[in-house]
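# Coordinate inspection notes
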Amino acid sequence: MGFAAVTGVISEATRTRDLIAQVGRSLFDRGLTPGSSGNISVRLSDGSMLMTPTGASLGRLDPARLSHLDARCNHLSGDKPTKEAFLHSCMYCRRKDAGAVVHLHSTHAVAVSMLAGVDAADVLPPLTAYYVMRVGRLPLIPYHAPGDRDLALAVDAQAERNHAVLLANHGPVVAGASLLDAQYAMEELEETARLFLLLGDRLIRPLTPDQADALRGP
Ligand code: ZN
């Protein structure tokens, strides 16, 4: 590998580290994930991943201390990765187009993840065109206790067909082609969950199946 290629990789990693810290801070400052909850990862062009460390608050990430993992999730450098790293690797394994994954404990999406009687195949109705275009379908993954490795299998089973999933009594996981794509899809999901709760028991008029299908494309 020549010098230019090496510096190219370094600058991509440096830019990405700064962007992860910036996005983390923005999400945290707007109250989208409290305390040290939530995690972010980006897949670099060489297949390795940068990921937020275990116990780190998204509001105060140090770009230099982010975890660097190889494509098989082996820890290469930086602080130890989040204990929820497997949520990210499930998305990357099943979705070749995924360049970033965001997982939050955002209040309204978590509240929706606790509702009984929702459609587990697609938790939120297609309330707006932007929700359908950015999120599409949102399957509910059954509750698993923290550390239960079966959660990885359950996410893995949905990841190929869905870039967004909602973990019951826990929170959403969203993959995107870029970190900004994943961030915006996550924000659309959280906003739609908020609208859904705001509407409550009122009769609602979501998009029709035809309208939603037209937005999802072929
Ligand atoms: Zn979590």
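Provided above is the structure to which this section pertains.
Read on for an overview of the structure.

About the criteria used
- Residues numbered from 1 in each chain as written.
- Predicted model: local features only at pLDDT ≥ 70, side-chain atom pairs only at ≥ 80, totals over all residues.
- Heavy atoms only, no water.
- Helix = DSSP H or I, 4+ residues; strand = E, 2+ residues; numbered from the N terminus.
- Rg over C-alpha atoms; globule rule 2.2 N^0.38 Å.
- Buried < 20%, exposed > 50% of the residue type's maximum accessible area, 1.4 Å probe, protein only.
- Contact = heavy atoms within 4.5 Å.
- Areas by Shrake-Rupley, 256 points an atom, 1.4 Å probe, with all protein chains shown as cover.
- Lys, Arg positive; Asp, Glu negative; His and termini not counted.
- Charge placed at Lys NZ, Arg CZ, Asp CG, Glu CD.
- Pairing = 2+ DSSP bridges.
- Right-handed = clockwise from strand over helix to strand, strands pointing away.
- Expected span 1.5 Å × (residues − 1).
- Donors = N, O, S within 2.8 Å, 3.2 Å for Na, K, Ca; no water.
- Axes fitted to C-alpha atoms, helices over the stretch in contact; angles between N-to-C directions.
- Parallel < 35°, antiparallel > 145°, perpendicular 65-115°, else oblique.
- Left-handed = near helix turned anticlockwise from the far one by under 90°.
- Nonpolar A, V, L, I, M, F, W, Y, C, P; charged D, E, K, R; others polar.
- Polar contact = N/O pair within 3.5 Å; in protein donor to acceptor, adjacent residues only side chain to side chain.

### A look at the overall build of the chain
The number of helices and strands found in the chain is 7 helices and 8 strands. Taken over the C-alpha trace, the chain has a radius of gyration of 17 Å; the compact-globule value for 218 residues is 17 Å, and the two agree within 12%. Oriented by its inertia axes, the alpha-carbon framework of the chain measures out at about 60 × 35 × 30 Å. A total of 218 residues make up the chain; the buried ones form 47% of that total. Sequence-distant contacts in the chain: of pairs separated by 6 or more residues, those separated by 24 or more amount to 65%. Split by element, the accessible area of the chain, about 11200 Å² in all, is 55% carbon and sulfur. Charged side chains in the chain number 21 positive and 23 negative. The centres of these two groups are separated by 2 Å.

### Let's talk about the pairing of strand S7 (residues 164–167)
Side-chain positions along a regular strand alternate between the two faces of the sheet. Residues of S7 alternate between two faces, with Ala-164 and Leu-166 on one and Val-165 and Leu-167 on the opposite face, all of them buried. Summarising the sheet, strand S6 (residues 140–141) and S7 pair through 2 bridges and their orientation is parallel. In the strand pairing of S7, Leu-140 is matched with Leu-166. Regarding the hand of the β-α-β motif, the stretch spanning S6, helix H5 (residues 150–159) and S7 is right-handed. In sequence, S7 turns back onto strand S8 (residues 171–176) through a hairpin of 3 residues, with Asn-169 there showing a positive phi of about 55 degrees.

### Details of helix H6 (residues 179–199)
The end-to-end C-alpha distance of H6 is 30 Å, a good match for the 30 Å that 21 residues give at a rise of 1.5 Å each. Of all the positions in H6, only Leu-179, Ala-182, Gln-183, Ala-185, Met-186, Glu-188, Leu-189, Glu-190, Thr-192, Ala-193 and Phe-196 are classed as buried. Backbone geometry just downstream of H6 places Gly-200 in the positive-phi region, at approximately 55 degrees.

### Topic: the coordination of the zinc ion
Protein ligation of the zinc ion involves Glu-84 (OE), Glu-84 (OE), His-103 (NE2), His-105 (NE2) and His-170 (NE2), the donor distances falling in the range 2.0 to 2.7 Å. Counting along the primary sequence, the residues that act as donors to the zinc ion give the motif E-x18-H-x1-H-x64-H. Of this pair, His-103 sits in strand S5 (residues 100–103) while His-170 sits in the loop between S7 and S8; the two residues are 67 residues apart in sequence, bridging distant segments of the chain. Judged by its relative accessible area of 18%, His-170 is buried.

### Concerning the packing of helix H2 (residues 85–94) against H5
Running from amino to carboxyl end, H2 crosses H5 at an angle of 30 degrees, the nearest separation of the two axes being 9 Å. When the axis of H2 is compared with that of H5, the two are roughly parallel. Once H2 is placed against H5, the crossing between them reads as right-handed. Here Phe-86, Leu-87, Cys-90, Met-91 and Arg-94 of H2 come into contact with H5, specifically with Leu-151, Ala-152, Val-155, Asp-156 and Ala-159. Each residue belonging to the contact of H2 with H5 can be placed in one class, and the counts come to 8 nonpolar, no polar and 2 charged.

### Here we look at the side chain of Ser-67
With respect to the secondary-structure elements, Ser-67 resides in strand S3 (residues 67–69). Within polar-contact distance, the side chain of Ser-67 engages the backbone oxygen of Asp-79 at 2.6 Å. Apart from residues lying up to four places away in sequence, Ser-67 is in contact with Met-49, Leu-50, Met-51, Thr-52, Pro-53, His-75, Ser-77, Asp-79, Lys-80 and Pro-81.

### Describing the environment of Leu-197
Assignment of secondary structure puts Leu-197 in helix H6. Judged by its relative accessible area of 33%, Leu-197 falls in the partly exposed class. Once the C-alpha coordinates of Leu-197 and Leu-127 are considered, the two residues, 70 residues apart in sequence, prove to be 12 Å apart. Setting aside chain neighbours within four positions, we find Leu-197 in contact with His-108, Ala-111, Val-112 and Leu-115.

### Structural notes on the pairing of S5
A two-sided burial pattern is seen for S5, the buried positions comprising Ala-100 and Val-102 on one face and Val-101 and His-103 on the other. As paired elements, strand S1 (residues 39–43) and S5 share 4 bridges and run antiparallel to each other. Of the residues in S5, the one forming a bridge with Ile-40 is Val-102. With 4 bridges joining them, S5 and S8 adopt antiparallel strand pairing. Directly across from His-103, in S8, lies its bridge partner Val-173.

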